[in-house]
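Read off the chains here:
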Amino acid sequence: MRIRVKKTIIEFIGGDIVRSIGNKVILYFIAFSLLITITVTVFSVYRISSVLENSSNEKMRNVANNVSDKIQNYFTTSGIVIKDFSMSAFNGFDYSIAKYSNIVVINHLKKIKPMVKDFSENIEGENEIFAYVNPDMFRDKKVYSLLYYPETDQYMESPTLDDADFNETNTSYEWFYKPKETGDIYWSPILYDDENAYSYIINSYPVFINNEFIGVVGIKFNLDFINDLVKNVKLYDSGYSFITDENYNIIYHPDEKTGKNIKNTLSGEILKGIDSDIRGIYSDGNNLMTYNKVGNGWIYFAVVPKNEVTKDLNDYIKNILIIVILGSVIIIFVAYFFGKSISKPIKKFTSSLDEFGKGNLRVKYESKAKNEFGMISKSFNSMADNFVETVNSIKTASGLVNETSKNLNEISDKSVKMSVDIGEKFKKILDETENVSASVEEISSSVQEMANASQSISAAAQELNNSSAETENASVVGEKSIKGINGTIEKAKNQSVETENNVKMLKEKSENVMKIIETIDSITEQTNLLALNAAIEAAR
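Below, the discussion takes up the overall build of the chain. Of regular secondary structure, the chain possesses 13 helices and 12 strands. Looking at the chain as a whole, 37% of its 540 residues qualify as buried. Of the contacts made within the chain by residues no fewer than 6 positions apart, 60% connect residues no fewer than 24 positions apart.

Next up on the list: helix α8 (residues 268-275). Along α8, the residues that are buried comprise I270, L271, G273 and I274. Axial view of α8: buried residues confined to an arc of 160°, hence all on one face. Exposed side chains of α8 directed beyond 90 degrees from the buried face belong to G268, K272 and D275. Its buried side turned inward, α8 meets β10 (282-284), β11 (287-293) and β12 (299-305). In the stretch just after α8, D277 is the one whose phi turns positive, near 55°.

Tracing the chain through its elements places V309 in helix α9 (residues 306-309). Owing to a relative accessible area of 10%, V309 belongs among the buried residues under this scheme. Sequence spacing of V309 and L52 is 257 residues, and the spatial spacing of their C-alpha atoms is 8.1 Å. Every residue in contact with V309, bar those within four places of it in the chain, is listed here: S56, Y236, L288 and V304.

Moving on: the pattern of salt bridges. Within this structure, the stated rule accounts for 8 salt bridges. Among the ionic pairs, E157 bridges to K113, the shortest N-O distance being 2.3 Å. Note that E157 is positioned in strand β3 (residues 154-157) and K113 in helix α5 (residues 113-120), a separation of 44 residues in sequence. Take E157: its relative accessible area is 31%, and that puts it in the partly exposed class.

It is worth spelling out the confidence of the model for the chain at this point. Across the chain, pLDDT averages 75, with 72% of residues at or above 70. Overall, residues 1-19 carries pLDDT values under 50, and its contacts beyond four positions in sequence, including any with other chains, amount to 29 contacts.

We now examine the side chain of N134. Within the secondary structure, N134 sits in the loop between β1 (128-133) and β2 (145-149). Of the residues examined, N134 reaches a relative accessible area of 5% and is grouped as buried. A distance of 3.2 Å separates a polar atom in the side chain of N134 from the backbone oxygen of F213. Setting aside residues up to four positions removed in sequence, N134 forms contacts with F176, F213, I214 and G215.

Ranked by size, the top nonpolar core spans 53 residues in total, and within it I71, F75, F90, V217 and W298 carry the most contacts. When residues of this core are assigned to their parent elements, the largest contribution, 11 residues, is made by helix α2 (residues 16-89). With near-sequence residues (within four places) excluded, W298 lies in contact with I71, F75, I201, L223, I226, I243, T244, D245, E246, I251, N292 and K293. F130, Y173, I202 and V216 belong to the second-largest nonpolar core, a separate cluster that totals 15 residues.

On to the pairing of β3. Of the pairings in the sheet, the one linking β2 to β3 comprises 4 bridges and is antiparallel in character. Residue pairing in the sheet places Y149 in a bridge with Q154 of β3. Between the end of β2 and the start of β3, which pair antiparallel, lie 4 residues, with D153 showing a positive phi angle near 55°.

Quick look at the pairing of β2 now. Within β2, 4 of the 5 residues are buried, which leaves it mostly tucked inside the rest of the structure. In this structure, β1 lies alongside β2, joined through 4 bridges in antiparallel fashion. The residue of β2 that forms the bridge with F130 is L147.

With that settled, the discussion passes to the packing of aromatic side chains. Overall, the coordinates contain 21 aromatic pairs when judged by the stated rule. Taking the centre distance of 5.9 Å and the plane angle of 20° together, the rings of W187 and F221 count as stacked. With a gap of 34 residues between them, W187 in strand β4 (residues 186-187) and F221 in strand β7 (residues 212-222) connect regions that are remote in the sequence. What makes W187 partly exposed here is its relative accessible area of 25%.

Here we come to the sheet that holds β10. Sheet strands pair via backbone hydrogen bonds, and the direction of the pair is either parallel or antiparallel. Across the sheet, 5 strands lie side by side as β9-β8-β12-β11-β10; this open sheet has antiparallel pairing. This sheet does not close on itself; its edge strands, each paired only once, are β9 (250-252) and β10. For this sheet the average axis-to-axis angle between neighbouring strands, irrespective of direction, equals 35°. Note: strand β8 (residues 240-244) against β12, 5 bridges, orientation antiparallel. Each bridged residue has a counterpart across the sheet, and for T244 the counterpart in β12 is I299.

This brings us to a nonpolar patch on the surface. A contiguous nonpolar surface patch, about 530 Å² in accessible area, is contributed by I325, V329, F333, Y336 and F337. Its place among the elements puts I325 in helix α10 (residues 311-357).

Reading the values: rules and limits
Residues numbered from 1 in each chain as written. Predicted model: local features only at pLDDT ≥ 70, side-chain atom pairs only at ≥ 80, totals over all residues. Heavy atoms only, no water. Helix = DSSP H or I, 4+ residues; strand = E, 2+ residues; numbered from the N terminus. Buried < 20%, exposed > 50% of the residue type's maximum accessible area, 1.4 Å probe, protein only. Contact = heavy atoms within 4.5 Å. Arc of directions from axis to C-beta. Salt bridge = Lys/Arg side-chain N within 4 Å of Asp/Glu carboxyl O. pLDDT = per-residue confidence, 0-100. Polar contact = N/O pair within 3.5 Å; in protein donor to acceptor, adjacent residues only side chain to side chain. Core = buried A, V, L, I, M, F, W, Y, C linked by side-chain atoms within 4.5 Å. Pairing = 2+ DSSP bridges. Phe/Tyr/Trp six-rings, centres within 6.5 Å; stacked < 30°, edge-to-face > 60°. Axes fitted to C-alpha atoms, helices over the stretch in contact; angles between N-to-C directions. Patch = residues over 30% accessible without salt bridge, like charges linked within 9 Å, V, L, I, M, F, W, Y side chains within 5 Å. Areas by Shrake-Rupley, 256 points an atom, 1.4 Å probe, with all protein chains shown as cover.

Here's what the structure looks like:
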């Protein structure tokens, strides 16, 4: 019974659980740490990717806004200059006299030369400023004009055009007749100067005096200035910008010819956004694209390859992976030594239990730790001491029982012998009594013999009485021995109860260890579930 109890305790506490708990703790610690690391990594990558995406989108939008604002400010400034020029160019011009005297017109145009130059200095770029007088005011329909070229600081005076071609039916002169019809500023489509090999647009404004159409003033914009402004925009490594008119005809594109219509090459999503004036970042194949409208209807586009936008994110992810790998290695080492620090005292305790189970009752489990292992050490050593004390008490009681049993056996043998002697004496008395009964007649003749017989009977009775007293004394000694045995057994019983309490206490400590292990198992299951969710989220 004693050996079976010890074996059960050892199997309960020191079986496979103890042998694998170090590895389990290591695996649990690694799994839990890696789960936290992966979760933080996934969250960080998600947040950083979101931040980088927002940053790149904001950068593209800012570039688009800045460039389109520069172009808008450029044309707004030009429009203001043209309007101011229109009010000043023909100030003091008497059209009622001028239509009868061409000299008046020529002299007026000469007079405003310095004014034309002054206004041109307010506009960036190599742009021509001009003033044309309405030829319909003259009988000869001559076209009188003044042009100023800032690049060479030269003027060109009228007449400069073939009068026969200067009419409303010639689309080349829409810049003159459209403002006359609308009474407002006019922007021409993109035009090309074959002689000087550059693209340009014309911005013209009508001049009326007392509702009489006097002419137009305007600017011939050299688009090289706009092209340089768009071309010099830096977007990542290979991003680029381009600009089109309201009909998607290219004004400038680094890879396409001026005037080419690209509407069919743009995605439906970005076309819809432009039509609805919904600004945003649009995906166009392998590129990201945004746009911004200019006040004259032009559209500025900024384009960046997607792989360049994600390059910073990829570099960040690489750095994160390196950190995670190094962190995982550190975690594994920490978990290994942490697991060993837990499994080592358990293995030591298991070894002590094995020795105790094999019958070495002098074995001790020493632990200076101020935790459960220290408590287990105290309980185990106390149990072992109590157990040894109980065994020693049982041995002592067993010796007393053996000795008392021996005494009882001797008393029993003596009692049996005395009973046999008493039986023989009773038989002898009976025989002599029968002889007395059968030989009554001999009594009278043999009085002396009867007296002798009576003396024998008296002596036998006295001996019987002595034997009975001796038996009574032996019985009293036996009773005292039995009481001593009962006391020893009671003491052994008390020692057994105390031992049982110690075993129960050890069992409770063992159950605490089991609960810790079950908690670790539960954490592992939750860890595995969280790891699976994290892996699925990472895959998304």
